[in-house]
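# Observations on the three-dimensional arrangement
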Amino acid sequence: MEKIDLFERALAINGGDSVPVTLLGVDLSLRQDFTGQEVHDIVRALFDHADEALHDQATRVIALVSDSPKEDQAAFVDKLMTLSLAEVMRIFDVIGEICGYRDADGNFFPISSS
């Protein structure tokens with residue numbers, strides 16, 4: 001019998017192709033397929049670095065979830081930083097929903113990998 005990798009089974013997201021999004025005229029591509037390790041890294045970036053500046057945290061998360069060129073990612077984060085904290089957090093909720101690691105209610109890991 002083949003072993004089941006619980007980490008991958010619990011966290012991996014097989015959501016399909018990347019999706020183009022825009023924020024106030026700045027375009028970005030968001031991934032929808034993630035290994036368990038990548039989802040783990042995203043969640044750690046969102047929660048384990050509360051002492052980091054918001055810009056640094058946003059840069060780290062966008063780098064993990066986007067397959068756009070680095071300069072597009074940087075422009076997206078710069079535009080994001082023009083918003084209020086409440087707006088930034090809501091944008092991250094929507095990004096999480098699009099990428100598949102959050103549901104519409106903000107809960108993490110709504111999609112099963114099986």
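The following refers to the structure shown. Chains are numbered independently. Their residues run from 1 in the order of the written sequence. Restriction of local features to residues with pLDDT of at least 70 applies here, the model being predicted, together with a cutoff of 80 or more for giving and counting side-chain atom pairs; totals for whole chains, interfaces and linings are based on all residues. The side-chain figures draw on all heavy atoms in the structure; neither hydrogens nor water molecules are used.

## Quick word on the environment of Asp103
Note that Asp103 resides in the segment after helix H5 (85-99). The exposure class assigned to Asp103 is partly exposed, which follows from its relative accessible area of 23%. Taking the C-alpha atoms as reference points, Asp103 and Asp93, separated by ten residues in sequence, lie 8.5 Å from one another. Discounting chain neighbours no more than four positions away, the residues touching Asp103 are Glu97 and Pro110. In the analysis that follows, any N or O atom pair within 3.5 Å is treated as a polar contact, provided that within protein one partner can donate a hydrogen and the other can accept it, and provided that, for residues neighboring in sequence, both atoms belong to side chains. At 2.9 Å, the side chain of Asp103 forms a polar contact with the backbone nitrogen of Asp105. In this description a helix means any DSSP run of H or I spanning at least four residues, a strand means any run of E spanning at least two, and both kinds are numbered starting from the N terminus. Each residue is assigned to one of three classes by its accessible area relative to the maximum for its type, calculated with a 1.4 Å probe on protein chains only: buried under 20%, partly exposed between the two thresholds, exposed over 50%. It only takes one pair of heavy atoms within 4.5 Å for two residues to be counted as in contact.

## A look at the pattern of salt bridges
When a carboxyl oxygen of Asp or Glu lies within 4 Å of a side-chain nitrogen of Lys or Arg, that pair is called a salt bridge. One pass over the structure, following the stated rule, counts two salt bridges. The partner of Glu38 in a salt bridge is Arg31, with the nearest N and O atoms 2.8 Å apart. On the basis of relative accessibility, which here comes to 17%, the residue Arg31 falls in the buried class. Close ionic contact of Asp93 with Arg102 constitutes a salt bridge, the shortest N to O distance being 2.9 Å. Taking the relative accessible area as the measure of exposure, Asp93 reaches 25% and is therefore partly exposed. Exposure remark for Arg102: the relative accessible area of 16% places this residue in the buried category.

## Thoughts on the side chain of Ser68
Looking at the secondary structure, you find Ser68 in the loop between helix H3 (54-65) and helix H4 (70-80). Side-chain polar atoms of Ser68 contact the backbone nitrogen of Ser29, separated by 2.7 Å. Excluding residues that lie within four positions of it along the chain, Ser68 makes contacts with Leu28, Ser29 and Gln73.

## Overview of the packing of aromatic side chains
Stacked, edge-to-face and tilted labels apply to pairs of Phe, Tyr and Trp rings (six-membered ring for Trp) whose centres lie within 6.5 Å, assigned for plane angles under 30 degrees, over 60, and everything in between, in that order. For the coordinates displayed, the defined rule picks out two aromatic pairs. Ring geometry for Tyr101 and Phe108: centres 6.2 Å apart, planes at 20°, overall stacked. Judged by its relative accessible area of 23%, Phe108 falls in the partly exposed class. Ring geometry for Phe108 versus Phe109: centroids 5.9 Å apart, planes at 55°, classification tilted. A relative accessible area of 36% places Phe109 in the partly exposed class.

## Regarding the nonpolar core
Only buried Ala, Val, Leu, Ile, Met, Phe, Trp, Tyr and Cys residues count toward a nonpolar core, and they belong to the same one when joined by side-chain atoms within 4.5 Å. In this structure, Ile62, Val65, Phe92, Ile95 and Tyr101 are the most contacted members of the largest nonpolar core, which totals 25 residues. The element contributing the most residues to this core is helix H2 (residues 36-47), with five residues. The residues contacting Ile62, other than those within four sequence positions of it, are Leu28, Gln73, Phe76, Val77, Phe92 and Ile95.

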